[in-house]
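Residues per chain are reported as follows:
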Amino acid sequence: MGTIEHDGYVARVEFDADESRLVGRVVNSKAPIEFHADAASDVPAAFRAAVDAYVDECVARGDDPVRPFSGRLLLRIDPELHAAIAAAAARTDSSINAWIERTLGAVLDA
């Protein structure tokens, strides 16, 4: 269906035909945050409540909540592909990181 964002957490919302309701799951954190809503208009409040409840539970236990992904990604690739990426980045006068971020962003926007 789509995504929704609250406090840096992003959730994907889908329709569960078996339960006849909307189900959301946080997709940018390892924390198992899920929520449900019977109507689309209830999704934002259910999502905010699920995230806030998760954070409150962590604080009550004395734990740090698992935050959304940091943006750091360790990637192992074939050395020939690495060389090709380095060459492509150099042709655009940018770093490998900037080139990969721009390229992946373009793919996701397509």
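Check the entry above for the structure.
Predicted model only: the values in this text are computed from it and were never measured.

Asker: I tried to follow the overall build of the chain on my own but got confused; where do I start?
Answerer: Broken down by element type, the chain carries 3 helices and 4 strands. Written out in order from the N terminus, the α and β elements of the chain read β-β-β-β-α-α-α. Overall, the chain is about 50 × 35 × 20 Å in size when its C-alpha atoms are taken along their principal axes. Taking as baseline every contact in the chain between residues at least 6 positions apart, the subset at least 24 positions apart corresponds to 28%. A total of about 7900 Å² of accessible surface is found on the chain, and carbon and sulfur atoms cover 54% of it. Positive and negative side-chain charges in the chain, numbering 11 and 19 respectively, have mean positions lying 6 Å apart.

Asker: Would you mind showing me how to read helix 1 (residues 43-61) here?
Answerer: What sets the pattern is the α-helix's 3.6 residues per turn: residues three or four places apart point alike. In this model helix 1 runs 27 Å from its N-terminal to its C-terminal C-alpha over 19 residues, within 8% of the 27 Å that 1.5 Å per residue would give. The elements touched by buried residues of helix 1 are strand 1 (2-6), strand 2 (9-16), strand 3 (21-26) and strand 4 (34-37). Count one or two residues on from helix 1 and you reach Gly62, which has phi positive near 85°.

Asker: Looking at this model, I keep getting lost on the pairing of strand 4. Mind explaining?
Answerer: It is a general feature of regular strands that their side chains alternate between the two faces of the sheet. Because side chains alternate across strand 4, one face comprises the buried residues Phe35 and Ala37, and the other comprises Glu34 and His36, none of which is buried. Strand direction decides the pairing type here: strand 3 and strand 4, joined by 4 bridges, are antiparallel. Looking at strand 4, one finds that Val23 is bridged to His36.

Calculation notes
- Residues numbered from 1 in each chain as written.
- Predicted model: local features only at pLDDT ≥ 70, side-chain atom pairs only at ≥ 80, totals over all residues.
- Heavy atoms only, no water.
- Helix = DSSP H or I, 4+ residues; strand = E, 2+ residues; numbered from the N terminus.
- Contact = heavy atoms within 4.5 Å.
- Areas by Shrake-Rupley, 256 points an atom, 1.4 Å probe, with all protein chains shown as cover.
- Lys, Arg positive; Asp, Glu negative; His and termini not counted.
- Charge placed at Lys NZ, Arg CZ, Asp CG, Glu CD.
- Expected span 1.5 Å × (residues − 1).
- Buried < 20%, exposed > 50% of the residue type's maximum accessible area, 1.4 Å probe, protein only.
- Pairing = 2+ DSSP bridges.

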